[in-house]
Amino acid sequence: MLKHTIIRQTDFLKVPWKNGQGYTYEIDKLTQPDNHDEFLWRLSIAEVNKSGPFSRFDNYLRNISILSGDSMTLNVDGNDSPELKAFEAFAFTGKADTYCTLHGSALRDFNVIYDPRYAVTVSWLEGEHLDMALDEGTLYFIIAANAPIQVQNDELNTQLECWDLVKLIPAEKSNIQITALQPSQPCICGIIAITPSK
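These numbers come from a predicted model, not from an experiment.

Rules and cut-offs
Sequence positions are assigned chain by chain, starting from 1 and proceeding in written order. With pLDDT at 70 or above as the cut-off, local features in this predicted model cover only qualifying residues; side-chain atom pairs require 80 or more to be listed or tallied, and sums for whole chains, interfaces and linings still use all residues. The basis for every side-chain value is the complete set of non-hydrogen atoms in the structure, without hydrogens or water. Lining residues are defined by having an atom within 4 Å of a point belonging to a cavity or pocket. Those points lie on a 1 Å grid over the protein atoms alone, cavities being sets where a 1.4 Å probe fits but cannot get out and pockets being open sets with protein on both sides within 12 Å along at least five of seven lines. Grid points are joined across faces, edges and corners, and a volume is the space filled by probe spheres set on the points. A helix here means a DSSP run of H or I that spans at least four residues, while a strand means a run of E at least two residues long, and both kinds are numbered starting from the N terminus. Residue polarity is assigned by list, with Asp, Glu, Lys and Arg as charged and Ala, Val, Leu, Ile, Met, Phe, Trp, Tyr, Cys and Pro as nonpolar; anything else, Gly included, falls into the polar class. Burial classes follow relative accessibility: with a 1.4 Å probe on protein chains only, a residue under 20% of its type's maximum area counts as buried, one over 50% as exposed, and anything between as partly exposed. Two strands qualify as a pair provided that DSSP identifies no fewer than 2 bridges between them. For this document, the term salt bridge refers to a Lys or Arg side-chain nitrogen within 4 Å of an Asp or Glu carboxyl oxygen. Note on geometry: axes are lines fitted to C-alpha atoms, helical ones only across the stretch in contact, with angles between N-to-C directions running from 0 to 180 degrees.

Caption draft 1: Summary view of the layout of surface pockets. A volume near 190 Å³ is recorded for the largest pocket. Lining the largest pocket are 16 residues; nearest its centre among them are Trp17, Arg42, Ser55, Phe57 and Arg62. For the lining of the largest pocket, the elements supplying multiple residues, two or more each, are strand E2 (13-16), strand E4 (35-48), strand E6 (61-68) and strand E11 (107-114). A total of four residues in the lining of the largest pocket trace back to one element, the largest contributor, which is E4. A class-by-class count of the residues in the lining of the largest pocket yields eight nonpolar, four polar and four charged.

The structure is reproduced here in structure tokens:
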């Protein structure tokens, strides 16, 4: 059995950054059972309109990727990242003093912020047809990053517009197929896998 939920871009919740310097569009999160103001993991898309500091998230880990716009460099506790371009995932600690330098226009980035009790991987895949294996015990999100895609298997058949997502909870090992819907244009999709750490 494959449980799934479609999350449309129009469903995202716009919230201010912790430091008040911008906005993020909250996609989904898992909150603490005894404190719904704190999350165990959160997916979001942020607007970055100018260079400046990132909010701190003590006791969390972070994974960030550019979705659209030009490149950026992150200075994390005094150390510069490589120049980050679209669909290059970069992991860093949430408690670090982090400063973002834009190299060009404003951008939007995809963020996963999570408690270290979880293991998170973010992969960006490109192709006209993609086959993906799903493992039991892992939560998956698939985001259409640049163009519409079709996501399907025996239990699921849905179309995602750009920046829509599908959330997948497999009860057993299974496979899904991802197909680009624009002729002769490879799709880029993000695969986010979240697993409780052992």
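Let's pick the thread back up.
Caption draft 2: Representation of the pairing of strand E18 (residues 174-180) within the structure. Of the two faces of E18, the one lined by Ser174, Ile176, Ile178 and Ala180 is fully buried and the one lined by Asn175, Gln177 and Thr179 carries no buried residue. Inspection of the sheet shows strand E13 (residues 129-134) paired to E18 by six bridges, in the antiparallel sense. Directly across from Leu134, in E18, lies its bridge partner Ser174. Pairing between strand E15 (residues 149-152) and E18: four bridges, direction antiparallel. In the strand pairing of E18, Gln152 is matched with Gln177.

Caption draft 3: Geometry of the pattern of salt bridges. Evaluation of the coordinates by the stated rule reveals nine salt bridges. Measuring nitrogen to oxygen at the nearest pair gives 3.8 Å for the salt bridge that ties Glu26 to Arg42. With Glu26 in strand E3 (residues 23-32) and Arg42 in strand E4, this pair connects stretches of sequence that are 16 residues apart. Per residue, the accessibility class of Glu26 equals that of Arg42, and both read buried. Linked by salt bridges that have partners in common, Glu26, Lys29 and Arg42 make up one network.

Caption draft 4: Quick peek at the sheet that holds strand E12 (residues 118-127). Across the sheet, five strands lie side by side as E1-E17-E14-E19-E12; this open sheet has antiparallel pairing. The sheet terminates laterally at strand E1 (2-7) and E12, the two strands that pair on one side only. Going from strand to strand, the sheet's axes swing by 20° on average, the running direction of each strand aside. Where strand E14 (residues 139-144) and strand E17 (residues 165-170) come together, four bridges link them in antiparallel fashion. Within the sheet, the bridge partner assigned to Tyr140 lies in E17 and is Leu168.

Caption draft 5: Representation of the sheet that holds E13. If you walk across this open sheet you meet the four strands as E13-E18-E15-E16, and the pairing is antiparallel. Each of the sheet's edge strands pairs with one partner strand only, and the pair in question is E13 and strand E16 (157-160). Put simply, the sheet's adjacent strands are angled 20° from each other on average, direction ignored. Inspection of the sheet shows E15 paired to E16 by four bridges, in the antiparallel sense. Opposite Gln152, over in E16, you have Asn157 as the bridge partner.

Caption draft 6: Molecular detail of the pairing of strand E10 (residues 98-103). Burial of E10 is one-sided: the residues Thr98, Cys100 and Leu102 facing one way are buried, the residues Tyr99, Thr101 and His103 facing the other way are not. Note: strand E5 (residues 52-53) against E10, two bridges, orientation antiparallel. When the sheet's bridge partners are listed, Gly52 is paired in E10 with Cys100. In this structure, strand E7 (residues 71-76) lies alongside E10, joined through six bridges in antiparallel fashion. Its bridge partner being in E10, Asn75 is matched across the sheet by Tyr99.

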